[in-house]
Structures are given as structure tokens and as C-alpha cells.
Amino acid sequence: MLNVNIICVGKLKEKFLTEAVKEYSKRLSAFCKLSVTELDETKLFDKASDTDISNALKSESEKILAKVGKDSYVIAMCIEGKMMSSEKLSELFDRVSIEGKSRIDIIIGSSFGLSDEVKKRADLKLSVSPMTFPHQLFRVMLLEQVYRAFQISTGGKYHK
């Protein structure tokens, strides 16, 4: 069974979002071993300088990379990444499994994004849209797409 680890900077605060994550986690248990790793976001002042932001990203990248598996297939969620359909994501998961990887780490950065170090470690930089979404909501959106990918792969009726 494939291990899928969502590594995210920041913690969910809204109850409806935590309930949605629980629901998708339950659904995904039939297809993979899911874990969600929440890392503390570096606190910055409203008028943070570019240096402050750079230092925060560096600090966050150290925490992120410490959680990435040595042999994991790593997907960095970033706006400049490649966009793909749900079907292509399903094919990617299948291919990763066939190639012998047992773990996929999917990284969601802070509101300032991801450092270049994290992006360099990634096997794939993925974007879902050129639009901007709240990080907490995006976690639910990502889990839904992971669930959809497994449903497509197994011929489930969820994806239409």
C-alpha cells in the first residue's frame, strides 16, 4: 500500500476544515496509508522585509526537508508548477508505485510559498491553478484530489 504524507506549514484552525480532512482521511484509508504532518509557520510582522521572509522560508525549509523521506517521491505545491488533470495525477500515482516508490510526500508551504531548496528536492512542482487559495482550504482541496486520483485508478464511481 502506498504511503502518502502531506507535509504542510501551518495548522488548521476552522472546525469545518478539520472535519473535512478527517472525512477524506477516512475515505483514503482504503487506498493508502495517509499521514498529515503539520509544521509551525514562522511568525512574521505585517510589514516583513524581504530578508525576514527569506529567513522564514529558510527556517521552514529545514523543518520540511527533515520530514521528507529519503526515498520518497516529492511533490512541491507551488504556483509556478505544472498543472495536470485529475486523470494525470492518478496516472502519476500509479507510475510512482510501479517504479517501486512506496511513499509520496506532498508539500504545502506557508503563505509565502516554498524555498528554492524545497523546490529543488521535489521530483515534481505541481500547481492546481494560477489562482490563490487559502492554505487551510487548499489542504482539503488537495486531499479531495488525492482521493479522486485513487478512485480513478481503481475504477471507482466517484470520478465522473
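Data block above holds the structure.
Rules used throughout
- Residues numbered from 1 in each chain as written.
- Predicted model: local features only at pLDDT ≥ 70, side-chain atom pairs only at ≥ 80, totals over all residues.
- Heavy atoms only, no water.
- Pairing = 2+ DSSP bridges.
- Helix = DSSP H or I, 4+ residues; strand = E, 2+ residues; numbered from the N terminus.
- Axes fitted to C-alpha atoms, helices over the stretch in contact; angles between N-to-C directions.
- Contact = heavy atoms within 4.5 Å.

A. The arrangement of the pairing of strand β2 (residues 32-39) in detail. Pairing analysis gives eight bridges linking strand β1 (residues 2-9) to β2, with the strands arranged parallel. Paired with Val4 across the two strands is Leu34, which belongs to β2.

B. Examining the sheet that holds β2 more closely. Reading across from one edge, β2-β1-β4-β3-β5 is the order of the five strands in this open sheet, with parallel pairing throughout. Each having just a single partner strand, β2 and β5 (124-126) make up the two edges of the open sheet. Taking the axes of each pair of neighbouring strands and ignoring which way they run, one obtains an average angle of 25° across the sheet. Here strand β3 (residues 73-82) runs beside β5; their pairing, made up of four bridges, is parallel. Residue pairing in the sheet places Ala76 in a bridge with Lys125 of β5. Taken strand by strand, helix α2 (residues 50-67) contacts β1, β2 and β4 (103-108), and its axis lies near 170° from that of β1.

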